[in-house]
Amino acid sequence: MSTPFYVSPQQAMADRAEYARKGIARGRSLVVLQYADGIVFVGENPSRALHKFSEIYDRIGFAAAGKYNEYENLRIGGVRYADLRGYTYDRDDVTARGLANVYAQTLGTIFSSAGEKPYEVELVVAEVGATPDGDQIYRLPHDGSIVDEHGSVAVGGSSEQISSYLDQRHRDGMSLAEALKLAVQALSRDTNGGEREIPAERLEVAVLDRTRPQQRKFKRIVGRQLSRLLQADGAASTPTDAPSDTEEPDGATPAPAETPSEAPEASETTEKPESTGPEGARGKDSGKPDGKDKDKDAGE
């Protein structure tokens, strides 16, 4: 009887982690960014039916990179967890942190189990708050660990290169158009440093918009709205340009405002000298018979 080949636990975990990372790297990258009014999800996805981004609950969104069948099972499980918890307790009790803990336990159990292969997925769970300070973004790698992210996060493909690009250029208070264009620029960069063009038809974009009056904040951006946002130049300069446009009329308003008010006075003052001038006096005297009689009396 042959002796079974021994593999140390450290080596076994390293091999499983390498296997999962290679599977995730084969997928297309996606990014999640905070902007002034919420959180935006951007990814390259030529399919119109198989989505990388989905709604989990009212204020919670889900993004995943890797094998579709594996992260789709996780998404369905998250929706069931959120619905059950919201129905049993309260809708406000469904949070992104609670959902991330559930996903972490599932991924960690599968990763450490020797009976099945690890999931080749990397997840992002995001929740939009009432203010930008209340936004939450959690990244969950293949091994079930939880990473609390702020500002921006990239998963799948060349995520390290994209993350460094976003960290250098992302800032708080960006508009939706600015955040979307930054995300597309980051996704269009090749590993060699070059850039390629990603048409709007190959983009999947969704937002968690805190300004929506509905209780459900998740919304997909497609079609003309997506094209307008990508073509918007200087979206951040619009607020600064707007006050300048309003300041110019305000600066010019006093002059036109005073002229109409003074116009009647000027007309009245000009009419008085004309009535008292020589031509006006002549016209008045020539029209009166009393003036003629006085001249005749003076001649006599």
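Here we summarise the structure given alongside this text.

Calculation criteria
- Residues numbered from 1 in each chain as written.
- Predicted model: local features only at pLDDT ≥ 70, side-chain atom pairs only at ≥ 80, totals over all residues.
- Heavy atoms only, no water.
- Helix = DSSP H or I, 4+ residues; strand = E, 2+ residues; numbered from the N terminus.
- Buried < 20%, exposed > 50% of the residue type's maximum accessible area, 1.4 Å probe, protein only.
- Contact = heavy atoms within 4.5 Å.
- Areas by Shrake-Rupley, 256 points an atom, 1.4 Å probe, with all protein chains shown as cover.
- Salt bridge = Lys/Arg side-chain N within 4 Å of Asp/Glu carboxyl O.
- Expected span 1.5 Å × (residues − 1).
- Axes fitted to C-alpha atoms, helices over the stretch in contact; angles between N-to-C directions.
- Parallel < 35°, antiparallel > 145°, perpendicular 65-115°, else oblique.
- Left-handed = near helix turned anticlockwise from the far one by under 90°.
- Nonpolar A, V, L, I, M, F, W, Y, C, P; charged D, E, K, R; others polar.
- Pairing = 2+ DSSP bridges.

**Considerations on the overall build of the chain**
Working step 1: Helix and strand counts for the chain come out as 10 helices and 10 strands.
Working step 2: Across the 300 residues of the chain, 38% fall into the buried class.
Working step 3: Contacts in the chain between residues far apart in sequence, at least 24 positions, make up 66% of those at least 6 positions apart.
Working step 4: Of the roughly 17600 Å² of accessible surface on the chain, 51% is carried by carbon and sulfur atoms.

**Quick word on the pattern of salt bridges**
Working step 1: According to the stated counting rule, one finds 16 salt bridges in the structure shown.
Working step 2: Of the charged contacts in the structure, one is a salt bridge between Arg-196 and Glu-44, with a shortest N-O distance of 2.9 Å. Here Arg-196, found in the loop between helix H5 (176-187) and strand S9 (203-209), pairs with Glu-44, found in strand S2 (residues 38-44); they are 152 residues apart in sequence, far enough to count as distant.
Working step 3: Across the pair Glu-127 and Arg-59 runs a salt bridge, and its minimum N-O distance is 2.3 Å. Taken together, the residues span a long stretch of sequence, with Glu-127 in strand S5 (residues 121-127) and Arg-59 in the loop between strand S3 (53-57) and strand S4 (60-66) at a distance of 68 residues.
Working step 4: Overall, the relative accessible area of 6% leaves Glu-127 in the buried class.

**Considerations on H5**
Working step 1: Given a rise of 1.5 Å per residue, 12 residues ought to cover 16 Å, and the 16 Å separating the end C-alpha atoms of H5 matches this to within 8%.
Working step 2: A large share of H5 lies buried, amounting to 10 of its 12 residues.
Working step 3: Those residues of H5 lying buried are Leu-176, Ala-177, Glu-178, Ala-179, Leu-180, Leu-182, Ala-183, Val-184, Ala-186 and Leu-187.
Working step 4: Contacts from the buried residues of H5 go to strand S1 (30-35), S2, helix H4 (159-169), S9, strand S10 (218-221) and helix H6 (223-231).

**Topic: helix H3 (residues 96-112)**
Working step 1: Taking 1.5 Å of rise per residue, the 17 residues of H3 would be expected to cover 24 Å, and the 24 Å separating its terminal C-alpha atoms lies within 8% of that figure.
Working step 2: When we look at burial in H3, the residues that qualify are Ala-96, Gly-98, Leu-99, Ala-100, Tyr-103, Ala-104, Leu-107, Gly-108, Ile-110 and Phe-111.

**A short note on the packing of helix H2 (residues 68-88) against H3**
Working step 1: Where H2 contacts H3, the axes come no closer than 11 Å and their chain directions differ by 135°. What the angle tells us is that H2 and H3 run oblique. The handedness of the crossing between H2 and H3 comes out as right-handed. On H3, the residues touching Leu-74, Arg-75, Gly-78 and Tyr-81 of H2 are Gly-98, Leu-99, Val-102, Tyr-103, Thr-106 and Leu-107.
Working step 2: Class assignment of the residues belonging to the contact of H2 with H3 gives a composition of six nonpolar, three polar and one charged.

**Concerning the sheet that holds strand S6 (residues 136-140)**
Working step 1: Pairing is antiparallel across the open sheet formed by five strands, whose spatial order is S3-S4-S5-S6-S7. The two strands at the open ends of the sheet, each matched to only one other strand, are S3 and strand S7 (147-149). Shown here is a sheet whose adjacent strand axes are inclined to one another by a mean of 25°, direction ignored.
Working step 2: The pairing of S4 with S5 spans seven bridges and is classified as antiparallel. In the sheet register, Ile-60 faces S5, and the bridge partner there is Glu-127.
Working step 3: Those strands touched by H2 are S3, S4 and S5, and its axis lies near 20° from that of S3.
Working step 4: Across the sheet, H3 touches S3, S4, S5 and S6, and the angle it forms with S6 is around 5°.

In short, shape yes, function no, at least from these values alone.
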